[in-house]
Amino acid sequence: MLLAVTQGLGPVFSWFFWITFAAGLGWLLWMSITGREVERRIIFLFMGLTVSGAVLAGIILPVQETTVVRNVFDTIEGLSEGDRVLLSLDYDPSGAPELEPMAKAVSQHCFEKKLKICYMTLWGTGGAMITDVIALAKVDFPDLVYGDDYCNVGYRAGNEAVLRVIASDFRKTFPTDVSGTSLDSLSVMNGILNCADFKYIVAIGSGRPGIKEWVEYVVEPSGALMGSGAAAVSAPQLYPYYPQQMNGMMGGSKGASEYEKMLRRVYPKFKSSRAQATEIMGPQTVAHVFLMLLIVFANISYFLAKKRKGASA
Amino acid sequence: MNRKVLIPIASIIVFIGFVLLKLDWDGADRTHELWEALEVTAGGFLTLMIFSFLYKDNAFYKFAEHLYVGISAAYWMCVGFWSNLAQQAIPHLSQSLSEALGQPFLGYIWHYWIPVALGLILLTRLLPESMKIGWISKWTLAFIVASTAGLFITANLQANFIAQIASTMSLPLLPDWTGFGDFLSNFDLSYEGQFVKMFSNWVIIIGVISGLVYFFFSKEHTGWFGRVSRLGIWVLMVTFGAAFGYTVMGRVSLLVGRLTFLFRDWAGVIG
Amino acid sequence: MKRTIPILITFITGGIIVLAEFIPPWAILREHVLIYFQIIAVFAFFLGGGSLLKINCQKVVRKREDWQFAIVTLVGFFIMLALGLFKMGNPEMVDLGFAADLNASGSWFKNVFDAVKAPLSASMYSLLAFFIASASYRAFRAKNSDATVLLVSAFIILLGQTFVGVVSTGWMPEWMSFFKVENLSLWLLAKANLAGQRAILIGIALGIISMSLRVILGIERTHLSGGDE
């Protein structure tokens, strides 16, 4: 009922909201020009209203594809039916808004191509994330068979130590899957002795241990082919590894939304599936514009203050 | 009634009210429905409690913060126990215990007692200081630090030192070069064009060298060395600017995620 | 004994891991050491949980400031511990017993994770969006050339990640597409940022290598100092 009321009031509310908001921004500019202090809680309020307004308005904006993301997509697209992919979900709920869409899109893509996925995680919280991603993927692929189409080896504590061991012997660290089933009895893991035996590794991570560690402890010693999905915070730090040590990367929700777009372009059946990252990009754009305005206002204030100081001296 | 009693009671009543509102009374699986309602309601309340810190530190925020710490510590202990002890160590140490934990026995390996012993030694740090036995935990600490140091040496040498220098120095200074005439006749500023490729490679090579010069503190940053170091600072500033831009993007994404949850799942004001 | 044994452990453990890279037959030794490391890591979790328990119990018993909240921590801790260790309410328990996946969909452990830990964790980090906005307004000023470069770079990246950037320079012809905001942003990230990050990476690698060598050779011993030596 509440939804119906808000939808009914939508246009009126929307105009009222944005006009009030614009007036607020004008006030902020006036405060900056006159060199008066603005309490930080007012900035918080503006930020909250900006993003809330954009989320409520449901703004969806197009995204442009980039080579760095396309490389991940093309690599998976180039694999053959039955090839094995290792998908490591190294994040927690705080990284999920950016990274879960990537994990979901890559899973959908692999299952559509009839590739077999082995899920694992280096984060204790990753086990729960794997459960969520598998549940999301199963919406489009309800007939997936555990052990034949995918498997979940879960989590091992030890960060880099885990990676260095699985680079040379996967079963030493993961003799069984998450439910104690021997990997030898899972067809997904047939013939997989170490990480290099997977046709492709996709590490989706938001910190340490994550993509950087995958490059250092798996790609370098074993020569495995890897792509990645990074939280926006860590994405810039990973460019030195691209393209020599990892052949592609999805950076933040922008990267995830690009992947969603490519997936829907090549496989239109996914158009009905919710594009979580693309939904983020609208409010993201509005928030970026607001932040840029803040920076401009702050610098106007700074230069005017400097000018006033110069004039009084 | 005292405010300290009234506020928690009122909060619990409001919480139960929200759960009841969220409950789907016609659902087939009542337990599942109840968990769903509890999950969404608790998620919404706890999100608002954390956001209340933006106004000022308060009891609701403290409640959420303390709950988070307690839940997280237990979460990690459980996950660690079931993943590494129950699935990795015990199946090589005791058949009866591994069967009791539902895990297949993978063959006895006597030396797996070593990490278990070192782990138990680490826990002596929890004993009272008066027992004067905590020093023994340094054996385990030494093992942890040494393993990490050993791993760091080889990984950094390979992936972050040699490979990075090789990636930089293997960049062609004149990519796709077929002669000066061709270069001039095809000159443009398109992103995929030859000039931009060449310019980019130069920027990378000069940028890496000047950045490293800035980090070289054994020589005074004056003269030509100072000028290269100055360029290095600019390169680093661009790097920090990019990092800032992406950090903003990441944090805004998280906020959008939370607000979407609040508006869609909790309040139900968007579809 | 208090000092010599830890130094010996450090030397032997570190030595095995490093030398195994150059002596292939030693790889098996390295793997054993690293498996030990994985098992010990769990005891570090227990140590963390134990310390938390100890501190909060002391806080409640001695009625220190905010002791009521320590009870919240303890209640949350014990509930989650019980749900996880005994896999309570786990639907897979029916078929698999204790082999059931701890995070199985519908298990009480996973439900509490989704209801409490997930929203708290996500909300804590999303708070930073507000603080970044405030910091941008208060501190992000073009005070000198360095700050200006940083500001311009951040501005282009922010603009380039969104549709506004694409629209603002969409009119540019292909021959000067380098100056389109989305391309400029990508270039800054993939080329100029790469150069800076690589310089930092090489610098850090050199620092880590030298520090690690000092630790393994026993020159650096600060991790063994303190406490009841």
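### Points about the overall build of chain B
Scanning chain B for helices and strands turns up 9 helices and 0 strands. Taken over C-alpha atoms, the radius of gyration comes to 30 Å for chain B, far larger than the 18 Å a tight globule of 271 residues would show. Each of the three principal axes of chain B carries a C-alpha extent, and together these read 85 × 60 × 40 Å. Going through the 271 residues of chain B one by one, you find that 49% of them count as buried. Within chain B, contacts between residues at least 6 apart in sequence are counted, and of these 30% link residues at least 24 apart. Accessible surface, chain B: about 13,200 Å² in total, of which carbon and sulfur atoms supply 70%. For chain B, the distance from the average site of its 16 positive side-chain charges to the average site of its 16 negative ones is 16 Å.

### Things to note about the interface of chain C and chain B
Of the residues lining the interface, 121 residues belong to chain C; the matching set on chain B comes to 119 residues. Taking both sides of the interface into account, the surface hidden between chain C and chain B amounts to around 11,300 Å²; carbon and sulfur atoms contribute 79%. For the pair chain C and chain B, the number of links is 2 salt bridges. For D146 of chain C, the salt bridge identified is with R230 of chain B, shortest N-O distance 2.6 Å.

### Examining the environment of P91 of chain C
All names here are of chain C. Looking at the element boundaries, P91 is found in the loop between helix 3 (67-85) and helix 4 (93-96). On the basis of relative accessible area, P91 is assigned to the partly exposed category, the value being 42%. It is 9.4 Å that separates the C-alpha atoms of P91 and D101, two residues lying 10 residues apart in sequence. Sequence-distant contacts of P91, that is, excluding residues within four places in its chain, are made with S105, G106 and S107.

### Quick look at the domain arrangement of chain B
All names here are of chain B. Taken domain by domain, chain B holds domain 1 (1-56) and domain 2 (173-266). With centres defined by C-alpha atoms, the gap from domain 1 to domain 2 works out at 48 Å. On the domain 2 side, the residues contacting the 10 residues of domain 1 number 7 residues. Of the roughly 700 Å² buried at the junction of domain 1 and domain 2 (both faces included), carbon and sulfur atoms supply 77%.

### As for the interface of chain A and chain C
In this complex, chain A contributes 62 residues to the contact, which on the side of chain C involves 57 residues. Together chain A and chain C conceal approximately 5,100 Å² of surface at their shared face, both sides included; 68% is due to carbon and sulfur atoms. Together, Y239, M292 and I295 of chain A form the three largest contributors to the area buried by chain A at its contact with chain C, with a combined 12%. Residues E31 of chain C and K172 of chain A are paired through a salt bridge, measuring 3.3 Å at the closest nitrogen-oxygen approach. On the surface where chain A and chain C come into contact, there are 14 residue pairs in polar contact (both at pLDDT 80 or more). Of the residues forming the side of chain A that touches chain C, the biggest block, 15 residues, is contributed by helix 10 (residues 276-312) of chain A. Tallied by class, the residues present in the side of chain A that touches chain C amount to 32 nonpolar, 20 polar and 10 charged.

### Observations concerning the environment of K104 of chain A
Residues and elements named next belong to chain A. With respect to the helices, strands and loops of the structure, K104 is situated in helix 4 (residues 96-112). Between the C-alpha atoms of K104 and K138, which are 34 residues apart in sequence, the distance is 9.9 Å. In this structure K104 touches V133, L136, S273, R274 and Q276, once residues within four positions along its chain are discounted.

### Describing the packing of aromatic side chains
This model, assessed by the stated rule, comprises 47 aromatic pairs over all chains. When the ring of F77 of chain C is compared with that of F78 of chain C, the centres are 5.4 Å apart and the planes differ by 80 degrees; the resulting orientation is edge-to-face. Classification of F77 of chain C as buried rests on a relative accessible area of 2%. Taken together, the aromatic side chains of W177, F180, F183, F187, F195 and F199 of chain B together with F178, F179 and W187 of chain C make up a single cluster linked through ring pairs. Between K63 of chain C and the ring centre of W67 of chain C, over which it is positioned, the NZ or CZ distance is 4.8 Å.

### Considerations on the pairing of strand 5 (residues 226-230) of chain A
Sheet faces and side chains relate simply in a regular strand, where the side chains alternate between the two faces. Residues and elements named next belong to chain A. Counting buried residues in strand 5 gives 5 out of 5 residues, a clear majority hidden from the surface. What you see with strand 5 is no split at all: M226, S228 and A230 on one side and G227 and G229 on the other are buried throughout. Here strand 4 (residues 200-205) pairs with strand 5 via 5 bridges, running parallel. In the strand pairing of strand 5, A203 is matched with S228. For the handedness criterion, the β-α-β arrangement of strand 4, helix 8 (residues 211-222) and strand 5 is classed as right-handed. Bridge count for strand 5 against strand 6 (residues 249-251) is 3 bridges, and the pairing is parallel. Looking at the pairing, G229 lines up with M250 of strand 6.

Rules and cut-offs
- Residues numbered from 1 in each chain as written.
- Chains lettered and ligands numbered in written order.
- Predicted model: local features only at pLDDT ≥ 70, side-chain atom pairs only at ≥ 80, totals over all residues.
- Heavy atoms only, no water.
- Helix = DSSP H or I, 4+ residues; strand = E, 2+ residues; numbered from the N terminus.
- Rg over C-alpha atoms; globule rule 2.2 N^0.38 Å.
- Buried < 20%, exposed > 50% of the residue type's maximum accessible area, 1.4 Å probe, protein only.
- Contact = heavy atoms within 4.5 Å.
- Areas by Shrake-Rupley, 256 points an atom, 1.4 Å probe, with all protein chains shown as cover.
- Lys, Arg positive; Asp, Glu negative; His and termini not counted.
- Charge placed at Lys NZ, Arg CZ, Asp CG, Glu CD.
- Buried area = accessible area lost by both parts, 1.4 Å probe.
- Salt bridge = Lys/Arg side-chain N within 4 Å of Asp/Glu carboxyl O.
- Domains from an automatic or database assignment.
- Polar contact = N/O pair within 3.5 Å; in protein donor to acceptor, adjacent residues only side chain to side chain.
- Nonpolar A, V, L, I, M, F, W, Y, C, P; charged D, E, K, R; others polar.
- Phe/Tyr/Trp six-rings, centres within 6.5 Å; stacked < 30°, edge-to-face > 60°.
- Lys NZ or Arg CZ within 6 Å of the ring centre and 35° of its normal.
- Pairing = 2+ DSSP bridges.
- Right-handed = clockwise from strand over helix to strand, strands pointing away.

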